[in-house]
Amino acid sequence: MSTLEIRDLQVSVKLPDGELKPILAGVDLTIKSGETHAIMGPNGSGKSTLAYSIAGHPKYEITGGSVTLDGQDVLALTVDERARAGLFLAMQYPVEVPGVSVANFLRTAKTAIDGEAPKLRTWAGELRGAMEKLQMDPAFAQRNVNEGFSGGEKKRHEIMQLELLKPKMAILDETDSGLDIDALQVVSEGVNRVRATGETGFLLITHYTRILRYIKPDFVHVFVGGRIVEEGGPELGERLEAEGYKKFVHA
Ligand code: ADP
Ligand code: MG
Ligand code: MG
């Protein structure tokens, strides 16, 4: 059982001229393994900033508050150490890794996280199994990470990482954006498989409510202006679907 605790988190983005622009205005959130939390908010509300801050992106400066994973100070860790501690971030815009194949990338990541290389024989099978479940062509494993990937391929690749790396906490930033309905279904099934193990906590960041039809959150948090302005269960997601964010923006 793992717990991610975010307390009064305040974050500014570093602008090119060195100035700090405050984005997160005190975020409080607790996620336990086995739970799925949805963060829903309009564009520009700071959702990606929250994800990047937890993952340790250098562009974001923590100006207050804390993030701990099972009591360990996440903010004091390097990006690599955060991954090894069990944090996983699927980015809204995944980056290309030229010259590194999907197979090598996943094996390297698995080795870094486990502290030892996966056994060759079982690993090949695991990799193949994960790809089959996500309805991916085996040839995909030899392609360079994110190079020329379609939107759907990028997201499937991230869910593949999720299935193989088995993180304690997974932050999925707009995993639904740019997916057609078939890809959305395949990706959601992947998330639900990992979820069913009960060993991973999920923070599902989304702009649209449609992914919540496939992945039913336990908790919904409405995110506006760099903070959580309303919290509830799945019914809050349905309310947003009907009413939009207007009411909260002016709240
Ligand atoms: P969301 O993911 O909810 O759409 P973001 O976290 O991407 O929101 O952005 C929140 C706010 O911070 C926006 O006003 C955005 O323009 C600003 N912002 C985020 N990253 C940067 C950056 N690197 N440089 C300048 N402004 C940024
Ligand atoms: Mg955005
Ligand atoms: Mg975003």
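Structure: above.
Everything numeric in this text was worked out from a predicted model, so none of it was measured. (Residues numbered from 1 in each chain as written. Chains lettered and ligands numbered in written order. Predicted model: local features only at pLDDT ≥ 70, side-chain atom pairs only at ≥ 80, totals over all residues.)

A.B. asks: Provide a residue-level description of the site of ligand 1, including the pertinent values.
C.D. replies: The local shell around ligand 1 holds 13 residues, among which G44, S45, K47, S48 and T49 are the closest. Counting residues per element, the shell around ligand 1 draws most heavily on helix α1 (residues 47-55), which supplies three residues. By residue class, the composition of the shell around ligand 1 is three nonpolar, seven polar and three charged. (Near = placed C-beta within 6 Å. Helix = DSSP H or I, 4+ residues; strand = E, 2+ residues; numbered from the N terminus. Nonpolar A, V, L, I, M, F, W, Y, C, P; charged D, E, K, R; others polar.)

A.B. asks: Let's hear about the packing of helix α5 (residues 151-165) against helix α6 (residues 181-196): which residues, and what values?
C.D. replies: Closest axis-to-axis distance for the α5/α6 pair is 10 Å, and the angle between their directions is 10°. In terms of axis orientation, α5 runs roughly parallel to α6. Between α5 and α6, the contacting residues are G152, K155, R156, I159, L162 and E163 on the first element and A183, V186, V187, G190, V191, R193 and V194 on the second. The residue makeup of the contact of α5 with α6, split by class, is seven nonpolar, two polar and four charged. (Axes fitted to C-alpha atoms, helices over the stretch in contact; angles between N-to-C directions. Parallel < 35°, antiparallel > 145°, perpendicular 65-115°, else oblique. Contact = placed C-beta atoms within 7 Å.)

A.B. asks: Outline the pairing of strand β9 (residues 169-173), supporting the account with residue identities and numerical values.
C.D. replies: Taken across its five residues, β9 has five buried, putting it largely inside the fold. Taking every second residue as pointing to the same face, both faces of β9 are buried, with M169, I171 and D173 on one and A170 and L172 on the other. Relative to β9, strand β6 (residues 87-90) runs parallel, the two being bridged by four bridges. Paired with L87 across the strands is M169, a residue of β9. (Buried ≥ 20, exposed ≤ 12 C-beta atoms within 10 Å, placed from the backbone. Pairing = 2+ DSSP bridges.)

A.B. asks: How would you explain the sheet that holds strand β10 (residues 201-206) if you had to name every residue and give the values?
C.D. replies: Read from one edge of the open sheet, six strands run β6-β9-β10-β3-β11-β12, paired in mixed fashion. Pairing within the sheet leaves two strands with one partner each, and these edge strands are β6 and β12 (227-232). Taken over all neighbouring pairs, the strand axes of this sheet differ in orientation by 20° on average, direction set aside. Docked against the sheet, helix α7 (residues 234-243) engages β3 (36-40), β11 (219-224) and β12, running at close to 45° with respect to β11.

A.B. asks: Lay out helix α4 (residues 120-133) in plain terms, naming residues and giving numbers.
C.D. replies: For α4, with 14 residues, the first-to-last C-alpha span of 20 Å sits near the 20 Å given by 1.5 Å per residue. Those residues of α4 not exposed but buried are L127, A130 and M131. Along the axis of α4, the buried residues cluster in a sector spanning 95°; they form a single face. Turned more than 90 degrees away from the buried face of α4 sit R121, T122, G125, G129 and E132, all of them exposed. Against α3 (102-114) and α5 lie the buried residues of α4. Q135 occupies a position one or two residues after α4 and carries a positive phi of about 55°. (Expected span 1.5 Å × (residues − 1). Arc of directions from axis to C-beta.)

A.B. asks: Got a sec to walk through the packing of α4 against α5? Specific residues and values, please.
C.D. replies: In contact at an axis separation of 10 Å, α4 and α5 are set at 135° when each is read in the N-to-C sense. In terms of their interaxial angle, α4 and α5 are classed as oblique. As α4 packs across α5, the resulting crossing turns out to be right-handed. Packed against α4, whose contacting residues are E126, L127, A130 and M131, the element α5 presents M160, E163 and L164 at the interface. Looking at the contact of α4 with α5, its residues break down into five nonpolar, no polar and two charged. (Left-handed = near helix turned anticlockwise from the far one by under 90°.)

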